[in-house]
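What follows is each chain in one-letter form.
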Amino acid sequence: MLKRPPRDVAAQLIAALPASPCLEKAEIAGAGFINLFLKRSFKQKLVNRILQAGQDYGKNALGRKKKVQIEFVSANPTGPLHVGHGRGAAFGASLANVLAAAGFDVAREYYVNDAGRQMDILALSTWLRYLALAGEAVPFPPNAYQGDYVCDMAHQILAAHDKRYVRPAAQVVAGVPDVATDAEAHLDGLIANAKRLLGGDYEYIHGHALNEQLADCRDDLTEFGVTFDHWFSERSLYDSGMVELAVKKLEEHGHIYAQDGAKWFRSAHFGDEKDRVVQRENGQYTYFASDIAYHLNKFERGFDLVIDVWGADHHGYIPRVKGALEAIGFDKERLAVALVQFAVLYRNGQKVSMSTRAGEFVTLRELRHEVGNDAARFFYVLRKSDQHLDFDLDLAKSQSNENPVYYIQYAHARVCSVHEQWGGDAAGLKEADTSALDSGHEFALLARLGEYPEAVEIAAREMAPHVIAFYLKELAAEFHSYYNATRVLVDEESLRLARLALVTAVRQVLHNGLLLLGVSAPEKM
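A brief report on the enclosed structure follows.

What counts and what doesn't
The numbering scheme is per chain: residues are counted from 1 as the chain's sequence reads. With pLDDT at 70 or above as the cut-off, local features in this predicted model cover only qualifying residues; side-chain atom pairs require 80 or more to be listed or tallied, and sums for whole chains, interfaces and linings still use all residues. Side-chain numbers come from the whole structure's heavy atoms, not from hydrogens or water. Helix and strand labels come from DSSP, where a helix needs a run of H or I of at least four residues and a strand needs a run of E of at least two; each type is numbered from the N terminus. Exposure is judged per residue with a 1.4 Å probe applied to protein chains only, and the accessible area is read against the type maximum: over 50% gives exposed, under 20% gives buried, and values in between give partly exposed. Throughout, a contact is declared for two residues whenever any of their heavy atoms are within 4.5 Å. Each Phe, Tyr or Trp ring (for Trp, its six-membered ring) is paired with any other whose centre lies within 6.5 Å, and the angle between the two planes then decides the class: stacked below 30 degrees, edge-to-face above 60, tilted in between. Definition used: whenever NZ (Lys) or CZ (Arg) falls within 6 Å of the ring centre and also within 35 degrees of the ring normal, the charge is taken to sit over that ring. Only when DSSP finds a minimum of two bridges between them are two strands counted as paired. Under this scheme, a helix contributes an axis fitted over its contacting stretch, all axes are lines through C-alpha atoms, and angles between N-to-C directions fall in the 0 to 180 degree range. Our angle categories are set so that under 35 degrees counts as roughly parallel, over 145 as roughly antiparallel, 65 to 115 as roughly perpendicular, and the remainder as oblique. Polar here means any residue outside two lists: the nonpolar Ala, Val, Leu, Ile, Met, Phe, Trp, Tyr, Cys and Pro, and the charged Asp, Glu, Lys and Arg; Gly therefore counts as polar. By definition, a salt bridge exists where a carboxyl oxygen of Asp or Glu is found within 4 Å of a side-chain nitrogen of Lys or Arg.

1. Description of the environment of H295
If you trace the backbone, H295 turns up in helix 12 (residues 287-300). Overall, the relative accessible area of 1% leaves H295 in the buried class. Aside from chain neighbours lying at most four places away, what touches H295 is D308, W310, V321, L325 and L335.

The structure is reproduced here in structure tokens:
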């Protein structure tokens, strides 16, 4: 400690400041705060710096090229993506873009759950619909997948293979528990019979359902502007022996014990509420075991940081996964989890229910077709990811200042309209003399433009792309206010060029920010 009055320390700091072409003056305020005042010329030249940097303006080296993997969406390929999945897709894609802008080496991954019970239920659902089409109807379980897409797949199989996969209905239901007594046991009994009766042909039914839904998911996301570097198969973890290896590693570290014929991980020792089964008494590994293997695989691929984007209902899953990584010997802080609340869709003021098994859901594709990709992408990231989101379709479709994405895009289009009226070469504005920018409105706009790099850094540090969305709303508001109060294309050439450069800088920053959120920057509206 210096043991000196704060104002004296502040005075010494000011005296030690080196001369700077950017700094107008430094003053002591209050008990020892230091206020730094930038030169007007430095603020004015921000316009030139933005135009010269172009799409690089706002980027930084926060990440120092660290390898980051972000895994998001990863919905079971058991049906079309619904509007709930859409929020995770928009958030994950935007976060990946923000991290890349902040200097991270980003890999985007989708984890394909192709080895679990849900896929067996989809395969069974498809086969039962196929049997009905072929004249061997079996009562369809209420907890199987009900959507029209299941019938579509059944039609495809019948058209391609006729009755090759038909088995007598009596054999399909033989020995199956009554559905009224235990609906889930009834479903499992039907799955077991399907596997027994079809033998090797079961893999075709399973594979057809998986490939059809995965292809639909991939197409839907691509149309939404969401792409992945890697689609990782859960089944590959079993085929490669990774699941067995992960459990073995936990055993070697003394964190597995046997009880009632099953193997348990001492999860409670690492902050979980209780211990967890990793291998059942029948020898089958649990989903948790494959999840441990998957995360082990991620770190073995050399990522410095792994980010999982999960639904908010998976909050309790975090300590057990981190605990397993710590038990194996990895730094659990290298795993970050971003929780995403499902969006709730409202149409005409009415909440729309969603259930993939019941088939009563609004798909992401339907939402995109109704409101457009831009509105969907922006509205999904307009709130912090772990906060509840009501998606107002009426607002998303409206062409008014109340619709934030319309308001922002209109600002961009307005600048394009000014350029069209001007008819000059925008490239020359990079070197424009901006000293004529001296009004309060112009300095307010310059100040807002100068905040963009900080917004990108905050969004990256906090894994919060909504920071960019809020910034763009504020920049658009500042611009519209300036535009409505100021004439850009004035007669005086020096002032005209300075104001053109300023609004062009606004256009560039709007474009850069919208790009991070996967939203287009239209030239006309």
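2. What about the packing of aromatic side chains?
The final tally for this structure, using the stated rule, is 22 aromatic pairs. Between Y111 and Y294 the ring centres are 4.0 Å apart and the planes differ by 10°, which places this aromatic pair in the stacked class. With Y111 in strand 4 (residues 105-112) and Y294 in helix 12, this pair connects stretches of sequence that are 183 residues apart. Here the two residues Y111 and Y294 agree in accessibility, since each one is buried. Three or more aromatic residues joined by ring pairs make a cluster, and in this case those are F265, F270, F288, W310 and Y317. When the ring centre of F140 is taken as origin, the NZ or CZ atom of R129, which lies over that ring, is 3.6 Å away. Against the face of W231 rests R218, its NZ or CZ located 4.2 Å from the ring centre.

3. Digging into the sheet that holds strand 4
Ordered by their spatial adjacency, five strands build an open sheet running 5-4-3-9-10, and the pairing between neighbours is parallel. The sheet is open, and its two borders are formed by strand 5 (230-233) and strand 10 (335-340), each paired with just one other strand. Between one strand axis and the next, the sheet turns through 25° on average, direction left out of account. Where strand 3 (residues 67-71) meets strand 9 (residues 305-311), four bridges bridge the pair, whose relative direction is parallel. Counted as the bridge partner of Q69 is V306 from strand 9. Docked against the sheet, helix 4 (residues 83-101) engages strand 3, strand 4, strand 9 and strand 10, running at close to 160° with respect to strand 4. Along the sheet face, helix 13 (residues 318-328) touches strand 9 and strand 10 and points at about 165° away from the line of strand 10.

4. Quick look at the environment of R40
With respect to the helices and strands, R40 occurs in helix 2 (residues 40-44). The spatial distance from the C-alpha of R40 to the C-alpha of S435 is 8.4 Å, given a sequence separation of 395 residues.

5. Structural notes on unusual backbone geometry
Unlike most non-glycine residues, K65 shows phi in positive territory, near 65°. Note on placement: K65 falls in the loop between helix 3 (46-53) and strand 3. A relative accessible area of 66% places K65 in the exposed class. Even without being glycine, D162 reaches a positive phi, approximately 50°.

6. Points about the packing of helix 14 (residues 364-371) against helix 15 (residues 373-380)
Helix packing for two helices is described by the angle between their axes and how far apart those axes are. Interaxial distance between helix 14 and helix 15 falls to 6 Å at its minimum, and their mutual angle equals 110°. With respect to helix 15, the element helix 14 is oriented roughly perpendicular. Within the contact between the two elements, helix 14 uses L364, L367, R368 and V371 and helix 15 uses N373, A375, A376 and Y380. Looking at the contact of helix 14 with helix 15, its residues break down into six nonpolar, one polar and one charged.

7. A closer look at the pattern of salt bridges
Here the structure, examined in full by the defined rule, presents 26 salt bridges. Between K195 and D120 there is a salt bridge, with its nearest N and O atoms 3.2 Å apart. One end of the pair, K195, is in helix 8 (residues 183-198); the other, D120, is in helix 5 (residues 117-133), and 75 residues separate them in sequence. Residue classification places K195 among the partly exposed positions, given a relative accessible area of 37%. Residue R461 pairs with E457 through a salt bridge whose shortest N-O separation is 3.0 Å. Taken together, the residues span about one helical turn, with R461 and E457 both in helix 19 (residues 452-461) at a distance of four residues. Judged by its relative accessible area of 57%, R461 is exposed. The network of salt bridges with shared partners includes D272, E273, R276 and R320.

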